[in-house]
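Take a look at the letters that make up each chain.
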Amino acid sequence: MTDQNKLIAELLFPDINKTPDYYENFYKQRNLPESAEVTRFAPSPTGYLHIGSFFTSMIGRRTASNSNGVFFLRIEDTDQKREIKGAAKIVIEMLNTFGVSLDEGPLNVNQQDVGVYGPYIQSKRKEIYQTYAKWLVTKDKAYPCFCTAEQLEQTREKQRVYKKPTGYYGENAVCRNLGYKDVKEKIDAGIPFVIRLKSNGCFENLKKITVVDEVRGERIFPENFIDAVILKSNGLPPYNLAHAVDDHLMRTTLVIRGEEWIASLAEHLEIFSALGFTAPRYAHLPVIQKIEDGKKRKISKRKDPEADMRYYLAQGFPISAIAEYILTLANSNYELWREKNPTLSYNKFPFSIKKVTSSSPLFDFAKLNDISKNVISRMTTEEIYTAVLEWAKTNDETFYKLLTCKKQFALGVFNMERNLANPRKDIIRWGMVKDFYSYMFSRAFKVKVSDFATCYKPEDIKGILVAYATLYNEEDDKQVWFNKIRDLGSTFNFAREVKEYKKAPENFKGHCGDVSGIIRVAITGRQNTPDLYEICKLLGSKEIAKRLDKVLKQI
Ligand code: GLU
């Protein structure tokens, strides 16, 4: 340390009185077993949760949980131009909703901290960053730069002409060796400044560095040679210094983040080293992609509604279906585990960061729908009712009211063919429930004559429906009910048994199943529904008579 550097540091940060030692002592090492991972989710508050960020948060949560570690939230709001008010709250609510619990972070009302490593919102950590920046200047590892935007652009232009990498380094790093007098003059003149790292890398003679990434394995990079900005003119750091200081002081063991950060890893590692910190381990996650017109591309915030996690809520996918789907994208052995453990919570899955591959997983709606159907098929009727009600509360007020005042009826509807060894798997998301069961719920229910199969004569259809209106009795058990259908069919020359019909189809107009098919269309307007007996029981004789009457008038 030269006195000159110390004097410069005082000029730049006259109000900073603490030293790194203060924070080093203040933020104690965590008292955790050696194998415990401390991971974090560190979104910039841009107003919504992208599916890629959700993927990252799930992996952070699972990695911490599976090692009895800690998972915390840090809001990275040092780029205040991009900030959206209330965004921290939105992120917290979204993580809560999607079942990603947080151990620490700005979690209490008004974003009060839970945990002793805060503040967990970066804009509240200005003094900490400045303490480290000041210390780096004192140690001749950083310096103030007074260059204007125009000067920097001229430098970049020159570098482009000479086909050199652009950036502040080498002979163009004109502020690198300013003396105390120069700095004082500029500060006295009120010229704004940034603080830059004094990089040890030399572009003409670059060394290689080796990093072992938890997802990508061993990677070799050229070292950093850019004198990167580590503190902006507004006194807040960009990502690089904030990341190093925060992940060091918050005692993060494993930084899990998107692969877009790999390009700046060498710079980050040089900052850790300048600060005298041991760098954490890293896991750079792949970006989730989709296929469009046969080509792969990133899921984009601008083009794809499914980029925003609110989309899945509005569609009514069960939270656990989304979580399970994300786990299949993260660990390819998830599905096998699910097959072997159909009743366990997905939280019990032994997730491993080592099994995440570096190649981009492909988002596939068919797969998500399939998982969702299975998740719903494992739910109880009560759970389904609660989830549909919850969905309707924010998405369909009329349906919400109907479900509330007709709770028992709705439970009956959702219960149809559910308590079986192989329950029905036709509901994918809560947003489709109303349409799917519209014939049960809708007063404006309609059937057209054209809904009936054209192979039956209108007089047969009419005869069957008139007879059904009188023979239907709510008290009948399923066997009695079905025998009545067989009898009814046979009076119109429909075979009592399918087998019988198959032996000589030319002798019959159809079989008993076709008779119930005609009744089904008349009562529901659909060719396919859950069990007709259950439907009739739920609707009751009066409603059935009303519906049949309406259809009969048209035939
Ligand atoms: N704030 C960064 C982002 O939103 C987070 C990167 C990280 O996790 O370190 O991309």
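Remember, predicted model here, so these are calculated numbers, not experimental data.

Participant: Where do I start with the overall build of the protein chain in this structure?
Facilitator: Along the protein chain, the regular secondary structure elements total 23 helices and 15 strands. Overall size of the protein chain, expressed as C-alpha extent along the three principal axes, is 110 × 50 × 45 Å. When the 555 residues of the protein chain are sorted by exposure, 51% land in the buried category. Contacts in the protein chain between residues at least 24 apart in sequence constitute 73% of all its contacts with a sequence separation of at least 6. Of the roughly 27,600 Å² of accessible surface on the protein chain, 51% is carried by carbon and sulfur atoms. Charged side chains in the protein chain number 84 positive and 70 negative. The centres of these two groups are separated by 2 Å.

Participant: Teacher, can you tell me more about the site of the ligand here?
Facilitator: Taken together, Arg40, Ala42, Pro43, Ser44, Glu76, Tyr239, Arg257 and Trp261 make up the full set of residues near the ligand. The separation between a nitrogen atom of the ligand and a polar side-chain atom of Ser44 is 3.1 Å. Note that a nitrogen atom of the ligand is positioned 2.7 Å from one of the side-chain N or O atoms of Glu76. The fraction of the free accessible surface of the ligand (300 Å²) that becomes covered by protein chains is 81%. Applying the majority rule of atoms within 2 Å of the grid points places the ligand in the largest pocket. Of the residues assigned to the shell around the ligand, the class counts are four nonpolar, one polar and three charged.

Participant: What's the story with the sheet that holds strand E5 (residues 142-145) in this structure? I'm lost.
Facilitator: Strand-to-strand pairing in sheets goes through backbone hydrogen bonds, with the strands running parallel or antiparallel. Reading across the sheet, the three strands line up as E5-E6-E9 and stay open at both edges, with antiparallel pairing between neighbours. Every interior strand has two partners, whereas the edge strands, E5 and strand E9 (229-231), have only one. Strand-to-strand twist of the sheet, defined as the mean angle between neighbouring strand axes without regard to direction, takes the value 45°. Sheet topology places strand E6 (residues 194-197) next to E9; two bridges connect them, and they run antiparallel. Among the inter-strand pairings, Arg196 is bridged to a residue of E9, identified as Val229.

Participant: What am I meant to see in the pattern of salt bridges here?
Facilitator: Pairing between side chains becomes possible if they bear opposite charge and their charged atoms approach one another. Using the criterion set out here, one finds 41 salt bridges in the structure. Between Glu157 and Arg160 there is a salt bridge whose closest N-O contact spans 3.2 Å. Here Arg160 and Glu157 lie together in helix H6 (residues 149-161), a separation of three residues that amounts to about one turn. Owing to a relative accessible area of 41%, Arg160 belongs among the partly exposed residues under this scheme. Of the charged contacts, one joins Asp426 and Arg424 as a salt bridge, the two residues approaching to 2.5 Å between their closest N and O atoms.

Participant: Before we go on, may I ask you to explain the pairing of E6 in this structure?
Facilitator: Sheet faces and side chains relate simply in a regular strand, where the side chains alternate between the two faces. Burial of E6 is two-sided: the residues Val194 and Arg196 facing one way and the residues Ile195 and Leu197 facing the other way are all buried. Bridge count for E5 against E6 is four bridges, and the pairing is antiparallel. Looking at the pairing, Pro144 lines up with Ile195 of E6.

Participant: What am I meant to see in the layout of surface pockets here?
Facilitator: Regions of empty space are outlined by a rolling probe, equal in size to a water molecule, passed over the atoms. Within this model, the largest pocket holds a volume of roughly 1,000 Å³. As for the largest pocket, its lining consists of 39 residues, and the residues nearest its centre are Pro43, Ser44, Ser53, Glu260 and Trp261. Of all the elements in the fold, those that place two or more residues in the lining of the largest pocket are strand E1 (38-41), helix H3 (51-66) and strand E10 (254-258). Ranked by residue count, the leading element in the lining of the largest pocket is H3, at four residues.

Participant: Even after reading the chapter, I still don't get the packing of H3 against helix H11 (residues 319-330), so can you show me in this structure?
Facilitator: Helix-helix packing is characterised by the crossing angle of the two axes and by the distance between the axes. It is at 10 Å that the axes of H3 and H11 come closest, and there the two elements cross at 80°. Relative to H11, the element H3 lies roughly perpendicular. Contacts from Ile51, Phe54, Phe55, Met58, Ile59 and Arg62 in H3 reach Ile322, Ala323, Ile326, Leu327, Leu329 and Ala330 in H11. Considering only residue class, the contact of H3 with H11 consists of 11 nonpolar, no polar and one charged.

Participant: Even after reading the chapter, I still don't get helix H16 (residues 407-415), so can you show me in this structure?
Facilitator: Of all the positions in H16, only Phe409, Ala410, Leu411, Gly412, Val413 and Phe414 are classed as buried. Summarising the contacts, the buried residues of H16 are in contact with helix H14 (381-395), helix H15 (397-405), helix H17 (433-436), helix H18 (438-441) and helix H23 (532-552). One or two positions beyond H16, positive phi appears at Glu417, with a value near 50°.

Participant: Looking at this structure, I do not really get the nonpolar core. What am I missing?
Facilitator: Nonpolar side chains in soluble globular proteins tend to be buried together. Ranked by internal contacts, the top residues of the largest apolar core, which has 109 residues, are Phe414, Tyr437 and Tyr468. The greatest single-element share of this core, amounting to nine residues, is contributed by H23. Those residues within four positions of Tyr468 in sequence are excluded, and the remaining contacts are Trp481, Ile485, Leu488, Ile519, Ile523, Cys536, Ile544 and Leu548. Listed in part, the 53 residues of the second largest apolar core include Tyr117, Val183, Leu241 and Leu275.

Participant: Honestly, the pairing of E10 in this entry has me stumped. Any pointers?
Facilitator: In terms of residue burial, E10 counts as a mostly covered element, since five of its five residues are buried. Across five bridges, E10 lies against strand E11 (residues 281-285) in parallel orientation. Bridged to Gly258 within E11 is Leu285. For the crossover from E10 across helix H9 (residues 265-274) to E11, the handedness is right-handed.

What counts as what
Residues numbered from 1 in each chain as written. Predicted model: local features only at pLDDT ≥ 70, side-chain atom pairs only at ≥ 80, totals over all residues. Heavy atoms only, no water. Helix = DSSP H or I, 4+ residues; strand = E, 2+ residues; numbered from the N terminus. Buried < 20%, exposed > 50% of the residue type's maximum accessible area, 1.4 Å probe, protein only. Contact = heavy atoms within 4.5 Å. Areas by Shrake-Rupley, 256 points an atom, 1.4 Å probe, with all protein chains shown as cover. Lys, Arg positive; Asp, Glu negative; His and termini not counted. Charge placed at Lys NZ, Arg CZ, Asp CG, Glu CD. Near = heavy atom within 4 Å. Polar contact = N/O pair within 3.5 Å; in protein donor to acceptor, adjacent residues only side chain to side chain. 1 Å grid on protein atoms, 1.4 Å probe; cavity = no way out; pocket = protein on both sides within 12 Å on 5 of 7 lines; lining within 4 Å. Sits in = over half its atoms within 2 Å of the grid points. Nonpolar A, V, L, I, M, F, W, Y, C, P; charged D, E, K, R; others polar. Pairing = 2+ DSSP bridges. Axes fitted to C-alpha atoms, helices over the stretch in contact; angles between N-to-C directions. Salt bridge = Lys/Arg side-chain N within 4 Å of Asp/Glu carboxyl O. Points joined across faces, edges and corners; volume = space filled by probe spheres on them. Parallel < 35°, antiparallel > 145°, perpendicular 65-115°, else oblique. Core = buried A, V, L, I, M, F, W, Y, C linked by side-chain atoms within 4.5 Å. Right-handed = clockwise from strand over helix to strand, strands pointing away.

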